[in-house]
Amino acid sequence: MEYLFSKWIKNINSVHKSWHLYFSEFLESQNKTKNLKTSVRNTTEGASMKLNQCIIEHAILARSLKRHLMIPHRGFNTGLLLAAKSKEPIDKNRLDSVASGSNAVYIEKLFSKWDKDPNSVNPSWDAYFSNKKSPKSSKPKKHRKQMRTDNPMAATPSGTAPAPAIQAPNADWKYIDDHLVVQAIIRAYQTRGHLAADLDPLGIVGPSGISSGSGESKKIKATKAVLRQHFFYTFNDLNAVFKLPHTTLIGGEEQFLPLQEILDRLERVYCGTIGVEYMMITSLYKSHWIREHFEKPNSINFQPEEKKLILERLSRTTGFENFLAKKFISEKRFGIEGCDITIPVMKEIVDESSRLGVESIHIGMAHRGRLNVLANVCRKPIPDILSQFHGIRASDSGSGDVKYHLGLFTDRHNRQSNRRIRITVVANPSHLEFVNPIVLGKARAEMFERGDSRGDKVLPIILHGDASFCGQGIVFESIHFSELPAYTTFGTIHIVVNNQIGFTTDPRFSRSSRYCTDVARVLNVPIFHVNADDPEACCHCARVAAKWRAKFHQDVVIDIVGYRRNGHNEADEPMFTQPLMYQRIRKTKPCVLKYAEKLVKEGTIKMEEYTAMNAKYEKICNDAYEESKKHTEFKYSDWLDSPWPGYFQGRDRLKVCPTGVNSKVLDHIGKIYSSPPPEERKFVVHKGIMRILGLRKQMLESKVADWSLGEAFAIGSLLKDNIHVRVSGQDVERGTFSHRHHVLHHQTKDKVKYNALQHLYPDQASYHICNSSLSECGVLGFDLGYSMANPNTLVIWEAQFGDFANTAQPIIDTFLASGETKWVRQSGLVLNLPHSMEGMGPEHSSGRMERFLQLSDDDPDVYPDTCDCDFVARQIMSTNWIITNVTTPANYFHALRRQVAFGFRKPLINFSPKSVLRHPLARSPFRDFNECSSFQRIIPETGEAAKNPECVKKLVFCTGKVYYDLVKERDDHEQNDTVALVRIEQVCPFPYDLITNEIALYKDAELLWAQEEHKNQGAWSYVQARFDTTILNQKSET
């Protein structure tokens, strides 16, 4: 080192740039910037010694930090206090912990030095080593030297004498060690200080999760958990001044602070009413950004007017709940008492996000606090909310839903930012967290519509319960979308309304992790735990969360730790199961009263102002209550969360536009779809793909389409009509059965792709096809939300196999099957479920058709009016969805295009084929796609049996792939003229009119139903009753 230093002194260009920067910074720290070379030459010897000392300090610091980073992060709940600050006596035997960690190497060298000459070390170390040395091991020095000489490990392999031990330079090593320990303590606070934060407003669960014992003992145990090996390190003087490292900002503009002040500031930042979890973030810049907003002195500094605004919002939140409790004593409303600060937190996020440019906010939440959100965040007129308690009837169709499940869309002025803001609260069933992917998909779709490629204009906010956030797998499936290119919303703000209880279950029985938010640690984003009874801390976290999302476009979590003042609902008795907790709750003042007293004490307001504030809002509620009594009816559409302005106005909903297309369009799409990428792209295509493209060209020349080409015709023609198409699911880019190949991959370059359907026309709509994560429930929910944003979009979710829909059943049951009936919400989402038994067991790859048919809401005992000229559209419009099991590419083509051609939107459940994808009979001529063609609800017999219907002995109805098995069987038995096969392509709603015609045509034939599924599966249980209704109606007419 001295050699390099001397060499640099002579010629600064003679050493590596890194050494030049290091030596320059060192000399600057010595205040020797004037007359550099002269000054350095005069002090070369002294500077060299200081330089070596500095380098050793840096080396020890690096080793200490490296060891500290390797310490596993365990879950503790602690308070933080140094042993030096404690009144408890220090265990002298534990002082040996100074010899652990990064100090071990230094002490070992010091011991070796002392072993040779006790006078060569400080007298304190001489006394220490003398006391630690066992009398039994005490030997004369010459014996010890002899032992070292005789040790074979002491010699080098070549037999030469060992190299002399490196001697440490003269330095104040105790001072250096103290600095290292201070830096380690700072990092301990940053890493584990949240474990000692005062988060529980009830004071039941204190530091380290301890619920008994004195406050001091809790604090000492918390200190041990946070500081760990540094807890018993003693400093000579708490007033000693230390230089703060660049990894902390607690000093503000000050670089040096006394140890006592360092500890006090760290405890205020990390062990107050906010617990900041952020050291798992791998980005140093992002970690520094967090410190800027929490560590800097006076980082939480609300002006008097801001404090008054927080109090007013808190007063309105509590006042609304109190008013409902007084007026509707026996009604369930799932109030938010105990976590009242949630509403001001949401309003703070809305305000700050609006200032930062957000124009639309999508909110997903469970039932708790929903009415308060509608009233105080969305500003839904209070009379409209109160009228839901009066039991009045709706004037439009639908079943409706309980008031604490309803959604809302509003466009209002934000007074704090002076800007317009759109707020959507998505309707949600009792399945708490399953609204999460719906919200994310809806937000992502609006981003696409706005051209918002970074999420600057659209923000999703999701409220969670503590038990559901850690207990339901859909939470992980949803947050896992955070960084997926086709599913990211560029940051979601998560607010956990932490009641510290789930219905009647304590946290120790409902989760294994320390926090209910630990599932979010996979995202490497900050998690703010905050005491619900500190309104300013909560609102500060809200403000920081909004800024984080706007700057980094990542998720952020706010864990509001409060309590639930009532039971699970207002009629529940919580004392049955949590008696001690609710005894404490009964004695706890409401947050708003505590905060009002605090502001009065500090002189921000007078108690009279607070009283007037309450009285003013109570009058607003009373006036709204009287107004609500005048309401005699309401509309479900007034609570719609996904309005489509202008879509239904002036539209004939019963009119179905043609689904066929011009043959020139087919030729154009087919030509591009069957061609490799243009030569100028220099795209290397796989040989197998070239063979597939060749087969497509052959079909194009033969004017025949297989399943892949028929689907491409549908998608390409919709893109031409300016309809945005999104196909999503596992392996959809290639197709589970390697039949689609929409996305081609360059064979010699990574991440270079080509999608022919994205290059059909210069002015076409966007086409997105994206492989999803291995999630069904989350991805289906996301795509359902995506489909709700714009009716002029076709969204297709394709399961890898039909039975994969099993894990998405909550979305299917509570949102897809019943969403329109409950919430007047329409969706044109398409579900492709590859379905076919094919001898693979009783459930393998079965899409469970019977399940979907059972969820259909058409009446099996009523024969409809088939004479109506609009019968087809009216029948579909009156049911909850369409279920098909199509057998030809052309019918699949028309089914997809028909989704957009309707004057309304209905989900389509299509049981798509597997082996039929390449079946030689499953081909459609181009004439079945032209302007004169349309979707066929049934495909009648067209062979010999149809020519002589009077000779037909058996009329077999079937659906799906089994048709091709029946054809083969009929051919093998030479029964083409006596057996007629009729395919039901649209199973629901049931095509009564066409079935009636077929039965009349083959009036002497025996009626049969054939399916490959077991009798208690498939379509049989659905069609049986409807066949009976059809036959009875036919007999009554004749």
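Residues numbered from 1 in each chain as written. Predicted model: local features only at pLDDT ≥ 70, side-chain atom pairs only at ≥ 80, totals over all residues. Heavy atoms only, no water.

Trainee: Can you lay out the packing of aromatic side chains for me, pointing to particular residues and giving the numbers?
Mentor: Under the defined criterion, the tally for this structure stands at 35 aromatic pairs. Three or more aromatic residues joined by ring pairs form one cluster here, namely Tyr-863, Phe-957, Phe-990, Tyr-992, Trp-1009 and Phe-1027. Above the plane of the ring of Phe-389 lies Lys-403, whose end atom (NZ or CZ) is 4.7 Å from the centre. Here the guanidinium or amino end of Arg-653 rests over the ring plane of Phe-648, the centre of that ring lying 4.1 Å away. (Phe/Tyr/Trp six-rings, centres within 6.5 Å; stacked < 30°, edge-to-face > 60°. Lys NZ or Arg CZ within 6 Å of the ring centre and 35° of its normal.)

Trainee: Which residues make up the side chain of Asp-858, and what values go with them?
Mentor: Here Asp-858 is to be found in the loop between α30 (849-854) and α31 (871-877). The exposure class assigned to Asp-858 is buried, which follows from its relative accessible area of 16%. Among the polar contacts made by the side chain of Asp-858, one reaches the side chain of Tyr-1022 at a distance of 2.6 Å. Residues in contact with Asp-858, not counting those within four places in the same chain, are Thr-879, Cys-988, Pro-989, Phe-990, Tyr-1022 and Arg-1026. (Helix = DSSP H or I, 4+ residues; strand = E, 2+ residues; numbered from the N terminus. Buried < 20%, exposed > 50% of the residue type's maximum accessible area, 1.4 Å probe, protein only. Polar contact = N/O pair within 3.5 Å; in protein donor to acceptor, adjacent residues only side chain to side chain. Contact = heavy atoms within 4.5 Å.)

Trainee: Run through the confidence of the model for the protein chain, naming residues and quoting values.
Mentor: On average, residues of the protein chain score 85 in pLDDT, and 84% of them are at 70 or above. Note on residues 31-102: pLDDT is under 50 here. Beyond four places in sequence and across chains, it has 139 contacts. Overall, residues 134-157 carries pLDDT values under 50, and its contacts beyond four positions in sequence, including any with other chains, amount to 14 contacts. (pLDDT = per-residue confidence, 0-100.)

Trainee: Kindly report on the pattern of salt bridges, identifying the contributing residues and their values.
Mentor: Applying the stated criterion across every chain yields a total of 44 salt bridges. Here Glu-597 and Lys-589 are joined by a salt bridge, their closest N and O atoms 3.2 Å apart. Given the relative accessible area of 39%, Lys-589 is considered partly exposed. A salt bridge links Glu-850 to Arg-848; the shortest N-O distance between them is 3.2 Å. Residues Glu-850 and Arg-848 agree in their burial class; the two are buried. (Salt bridge = Lys/Arg side-chain N within 4 Å of Asp/Glu carboxyl O.)

Trainee: Quick rundown of the sheet that holds strand β20 (residues 882-884)? Include the residues and the values.
Mentor: Overall, mixed pairing links the 7 strands, which are arranged β17-β14-β18-β19-β21-β20-β26 in an open sheet. What marks the edges here is a single partner per strand, and that holds for β17 (767-771) and β26 (986-988). Pairs of neighbouring strands in the sheet enclose a mean axial angle of 20 degrees, with direction left out of account. Contacts from helix α32 (residues 889-901) reach β18 (793-798), β19 (830-832), β20, β21 (908-910) and β26 within the one sheet, and its direction differs from that of β18 by about 130 degrees. (Pairing = 2+ DSSP bridges. Axes fitted to C-alpha atoms, helices over the stretch in contact; angles between N-to-C directions.)

Trainee: Describe the sheet that holds strand β23 (residues 938-939), listing the residues and the values that go with them.
Mentor: Within the open sheet, the 4 strands sit side by side as β23-β25-β24-β27. Their pairing is mixed. Two strands bound the open sheet, and with one partner strand each, they are β23 and β27 (1006-1009). Judged from the 2 bridges that link them, β23 and strand β25 (residues 979-984) form a sheet pairing that is antiparallel. Bridged to Ile-939 within β25 is Arg-983. Contacts from helix α34 (residues 962-972) reach β24 (954-958) and β25, with the element oriented near 170 degrees to β25. The strands touched by helix α36 (residues 1020-1037) are β24, β25 and β27; relative to β27, the strand with the most contacts, the crossing angle is about 155 degrees.

Trainee: Explain helix α26 (residues 707-720) to me, and be specific about the residues and the numbers.
Mentor: Spacing of three or four residues puts side chains on the same side of an α-helix, whose turn is 3.6 residues. Relative to the 20 Å expected for 14 residues at 1.5 Å per residue, α26 spans 20 Å between its end C-alpha atoms, a close match to the ideal helical length. Where burial is concerned, most of α26 is hidden: 13 out of the 14 residues are buried. Here α26 starts with a cap whose side-chain oxygen sits 3.4 Å from the backbone nitrogen of Ser-708, and that cap is Asp-706. Just downstream of α26, Asn-722 is the residue with a positive phi angle, here 70 degrees. (Expected span 1.5 Å × (residues − 1).)

Trainee: Hey, could you go over the pairing of β18 for me, with residue numbers and the actual values?
Mentor: Regular strands show a simple pattern: their side chains alternate between the two faces of the sheet. In terms of burial, β18 is a largely internal element, 6 of the 6 residues being buried. Relative to β18, strand β14 (residues 724-729) runs parallel, the two sharing 6 bridges. When the bridges of β18 are listed, Val-725 appears paired with Leu-794. Bridge count for β18 against β19 is 3 bridges, and the pairing is parallel. Opposite Trp-797, over in β19, you have Leu-831 as the bridge partner.

Trainee: Help me get a handle on unusual backbone geometry, residues and values and all.
Mentor: A cis geometry characterises the amide bond from Cys-988 onward to Pro-989, with omega recorded as -5 degrees. A positive phi angle, near 70 degrees, is found at Asn-722, a position not held by glycine. You can see Asn-722 is positioned in the loop between α26 and β14. In this model, Glu-974 sits at a positive phi of 50 degrees, which is unusual for a non-glycine residue. Residue class for Glu-974 comes out exposed when judged on its relative accessible area of 69%.

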